[in-house]
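# Chains, contacts and geometry: an overview
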Amino acid sequence: MDVLILGAGFSGAAIARRLLPAAGSVAGTTRSQERRQVLADLGFEALIYNGETISPELLAVMERTTHLVQSIAPGKAGDPLMRTGMPDITTLMPNLRWAAYLSTVGVYGDHKGAWVTEDAPLEPVSDRSKERVEAEQAWLDLGEAADIPVAVLRLSGIYGPGRNGFCNLANGTARRLVKPGQVFNRIRVEDIAGSVAFLSEKGIGGIFNVTDDEPAPPQDVVLEAARLMGVTPPPEIAFETAELSPMARTFYGENKRVSNAKLRAAGYTFLHPDYRQSLRQMWSEDCWKS
């Protein structure tokens, strides 16, 4: 198995670490030289890719790639590998046997707190979620045309060591915003990596929600992190009076409970099924910082 991860950020790097022991090779891309060195220090091949120009080094990696993880967000022109003028992916990667496209539960839009499965209607609100819907379909179409399993992973709010409520409390950025009835799902980054490993090993394609068991009000998660740290939680702030960026405000405009039943039925067992267990594990093992 020769793995290429396009966009080895927080999730991509976790996937690389998870796949590295069993893979023949693992390569990941980044936009910056600084990040490239960080990835190289983790033990896998790091390449520069800005989403437009494919270097000779990246092309050589693509030619040997058997398993692809696409984590780069699309733009107005679409997915980086699907844009007008790009060579066909099966030409770039003639040995490709399986691919994963990392998407978002934002494609569902607002369901007013109701439960959604992979079959729920897609009603994306933001432009970035609309672009995700188009990119998802492009990857699924590729898989069907090339007879390659393509797994679309719809991720909820990503957190883990180095990016969590403890970090926010420690650096003074934690806020306890309250919007009555609002819930979010979240997912530990290790379960994103575990899901990719599970689906790739079995060669499974299709659409999967990669999310925890317990959608919860965001202020409850902050409160639990503060309790475990033994610190005073930040005061509650009414959503209506909170100063938020336009992007942050769009997140609160979507309210849904996302089901992971399909992924569980396929055989995946979550390492961190809910935020309480997850926060407790990070705190007790002192691994929340990184």
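Provided above is the structure to which this section pertains.
A brief report on the enclosed structure follows. Just so you know, the residues in each chain are numbered from 1, in the order the chain's sequence is written. Note on the predicted model: pLDDT of at least 70 is required for a residue's local features to be given, and 80 or more for side-chain atom pairs to be given and counted; whole-chain, interface and lining totals, by contrast, use all residues. Each side-chain value is derived from all of the structure's non-hydrogen atoms; neither hydrogens nor water enter the calculation.

Here we come to the overall build of the protein. Across its full length, the protein holds eleven helices and 13 strands. Using C-alpha atoms as the atom set, the radius of gyration is obtained and then compared with a globule rule of 2.2 Å times the number of residues to the power 0.38. The C-alpha radius of gyration of the protein comes to 19 Å, within 12% of the 19 Å expected for a compact globule of 290 residues. With respect to the three principal axes, the spread of C-alpha positions in the protein is 55 × 40 × 35 Å. When the accessible surface of the protein is split by element, carbon and sulfur atoms take 52% of a total near 13200 Å². Counted as positive: Lys and Arg. Counted as negative: Asp and Glu. His and the chain ends are not counted at all. Here the site of a charge means NZ on Lys, CZ on Arg, CG on Asp, or CD on Glu. Put simply, the protein has 30 plus and 35 minus side-chain charges, and the middle of one group is 5 Å from the middle of the other. Helix and strand assignments follow DSSP, with helices taken as H or I runs no shorter than four residues and strands as E runs no shorter than two, numbered in order from the N terminus. Method for areas: the Shrake-Rupley scheme with a 1.4 Å probe, in which residue coverage is limited to the protein chains shown.

With that settled, consider the sheet that holds strand 3 (residues 45-48). The strand order 3-2-1-4-5-7-11 describes an open sheet built from seven strands, whose pairing is parallel. Across the chains shown, the open sheet's two edge strands, defined by having one partner strand only, are strand 3 and strand 11 (206-210). Adjacent strand axes in the sheet meet at a mean angle of 20 degrees, parallel and antiparallel pairs treated alike. Here strand 1 (residues 2-6) pairs with strand 4 (residues 67-70) via four bridges, running parallel. Only strands that DSSP links by at least two bridges are regarded as paired with each other. Geometry is summarised by axes, namely lines fitted to C-alpha atoms with helices restricted to the contacting stretch, and by angles between N-to-C directions that run from 0 to 180 degrees.

Among the buried residues, those of types Ala, Val, Leu, Ile, Met, Phe, Trp, Tyr and Cys that are joined through side-chain atoms within 4.5 Å form a nonpolar core. Burial status follows relative accessibility: with a 1.4 Å probe on protein chains alone, a residue under 20% of its type maximum counts as buried, one over 50% as exposed, and anything between as partly exposed. Core analysis: the largest hydrophobic core is formed by 33 residues, its most contacted members being Ile5, Ile15, Leu153 and Leu199. Other than its neighbours up to four places away in sequence, leucine 153 contacts Tyr101, Leu102, Ser103, Thr104, Ser195, Val196, Leu199, Phe208 and Val210. Grouped together as the second largest cluster of nonpolar side chains are 24 residues, Leu4, Tyr49, Val61 and Ile72 included. Only heavy atoms enter the contact rule, under which two residues are in contact if any of them lie within 4.5 Å.

Right, let's talk about helix 3 (residues 56-64) for a bit. Along an α-helix, a turn takes 3.6 residues, which lines up residues three or four apart on a common side. Within the sequence span of helix 3, burial applies to Leu58, Val61 and Met62. All buried residues of helix 3 fall inside an arc of 100 degrees around its axis, so they share one side. Buried residues in helix 3 make contact with strand 1, strand 2 (25-30), strand 3 and helix 4 (89-92). When we speak of the arc, we mean the arc of directions from the helix axis to the C-beta atoms.

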